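Per-entry structural report
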Amino acid sequence: MTGERKRPIFAALAVLIAAADYLWALWYYGGLCALQIAPVIRYALAAGIDPCRAGLSGNSLLKEGIVMKVLVYGAGVIGAYLTHVLCEAGNDVTLLARGNWRRTLEAKGLTIRHHLQRKTTIDRPRIIGRDGISGHYDIVFFTMNYQQAGAILDDAAAMDADVIVLVGNNLSAPDMEAYIKTHSKVPKQILFGFQATAGKREGEVLICERMGAGKMNIGLLETPAQDALREKMERLFENTVFRLRWYDAMESFLKCHAAAVLPLAYLAYAAGCDYKRTTGEQRRRSMEAAREGYDLLVKLGYSIVPEDDDMFYRPGIRRVIMRALLFAMAKTVIGELAAAAHCRHAVSEMEQMDAAFERLRKKRPDFLMPNWDAMRNAMPDWAALRQQYEGATRHA
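How each quantity is defined
- Residues numbered from 1 in each chain as written.
- Predicted model: local features only at pLDDT ≥ 70, side-chain atom pairs only at ≥ 80, totals over all residues.
- Heavy atoms only, no water.
- Pairing = 2+ DSSP bridges.
- Helix = DSSP H or I, 4+ residues; strand = E, 2+ residues; numbered from the N terminus.
- Core = buried A, V, L, I, M, F, W, Y, C linked by side-chain atoms within 4.5 Å.
- Buried < 20%, exposed > 50% of the residue type's maximum accessible area, 1.4 Å probe, protein only.
- Axes fitted to C-alpha atoms, helices over the stretch in contact; angles between N-to-C directions.
- Contact = heavy atoms within 4.5 Å.

**What to know about the pairing of strand 4 (residues 119-123)**
For strand 3 (residues 110-114) and strand 4, the ladder comprises 5 bridges, and the chain directions are antiparallel. If you follow His-114 over to strand 4, its bridge partner there is Lys-119. The antiparallel pairing of strand 3 with strand 4 creates a hairpin that spans 4 residues between the two strands, and Arg-118 there sits at a positive phi of about 55°.

**Description of the nonpolar core**
Taken as a class, soluble globular proteins show a tendency for nonpolar side chains to be buried jointly. Judged by nonpolar contacts, the single largest core of 72 residues is most densely connected at Phe-142, Met-159, Tyr-269 and Phe-357. In terms of residue count, helix 9 (residues 250-270) provides more of this core than any other element does, 13 residues in total. With 38 residues, the next largest nonpolar core counts Val-72, Val-163, Leu-206 and Met-216 among its residues.

**With respect to the sheet that holds strand 8 (residues 189-195)**
Pairing is mixed in the open sheet, where 8 strands are placed in the order 5-2-1-6-7-8-11-12. Taken across any chain shown, the strands that pair with only one partner, and hence form the sheet edges, are strand 5 (126-128) and strand 12 (243-246). Direction aside, the axes of adjacent strands within the sheet are offset by 25° on average. Where strand 7 (residues 161-167) and strand 8 come together, 5 bridges link them in parallel fashion. In the strand pairing of strand 8, Val-167 is matched with Gly-193.

**Points about the sheet that holds strand 9 (residues 198-202)**
Ordered by their spatial adjacency, 4 strands build an open sheet running 4-3-10-9, and the pairing between neighbours is mixed. The open sheet has two free edges, formed respectively by strand 4 and strand 9, since each of these has just one partner strand. Ignoring strand direction, the axes of neighbouring strands in this sheet form an average angle of 25°. Sheet topology places strand 9 next to strand 10 (residues 205-209); 5 bridges connect them, and they run antiparallel. Within the sheet, the bridge partner assigned to Lys-200 lies in strand 10 and is Ile-207. Across the sheet, helix 4 (residues 77-88) lies against strand 3, strand 4, strand 9 and strand 10, angled at about 100° from strand 3, the strand it touches most.

Next up, the structure:
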């Protein structure tokens, strides 16, 4: 009987402690996502650090490495969702944005409607423009489209940061890495990542389309990342369900991703970015084109990453699965969410990826790719696509 009376008392005490913990965090660390920073404060006290002396910015916690200072360069769909997850983990997050979107974020916060998860979140990271970059960052994520990546290389080189992560489609990764290292005044480690997050902006809200909690494929271009670097990156996402999947050869990963994605883009453009209009023969040919793309990469000396990923395009059970997925894309909303929407809004990126892959093909002019060529020839030319989709976006 005595034990039963104590349980409500202990529960009430737990609630009071949690509430006090949160209010304390909100008071002293208002800019650092109080719900996540409260447990960090307890850890700091246990480590002998006085959070009260840290000030509103939490500088002492940053110095001790308990909270990491992170910059996300780019506030599109990928950058926005990454910012949300980093805030959720309790990091000191700054988001670089431009134009009217920057003013919206400053006034309203980062509002994301997670479509499939049926929830809306609001985060308030520090918002800056390009002229607001200053001081040291533990980690900087660049989340720009492929055709924009060249424009940010000088900023990446000038950045005072321990680690830089270039996130997104990238068929020029070695050249970009070499440029950053050559022009950097401080030593920095350069990682490459790919995050499969889609969506669009609607007014003051960003609509996010993702399967599950999200993940980032990440690694160095040609060698395994050292344990210390991996641990540092993993700490960024502690207490979240977001996951990092490490690869030892990200250059091959990015090339293989292009081999799989470009035929889907050709298919989308041939069908007016409506997969419901595609035929079974078109979808079959897109798979044959992807197989040819993988075969070219192998002949050029690249590895298949992820391992055996090309088996989705060769005879066997995996090809049956891929065929079923393409059928589902054609018959349901999956095609719109997974590919068509991005193709409409990223014509320039797809064009640059196509041009980069054609440069790879020129290294082996003897290697014929009839299905790849047929897919490319079936779609409108790039100038017409830019006019159709990017022109419509400008006038929307």
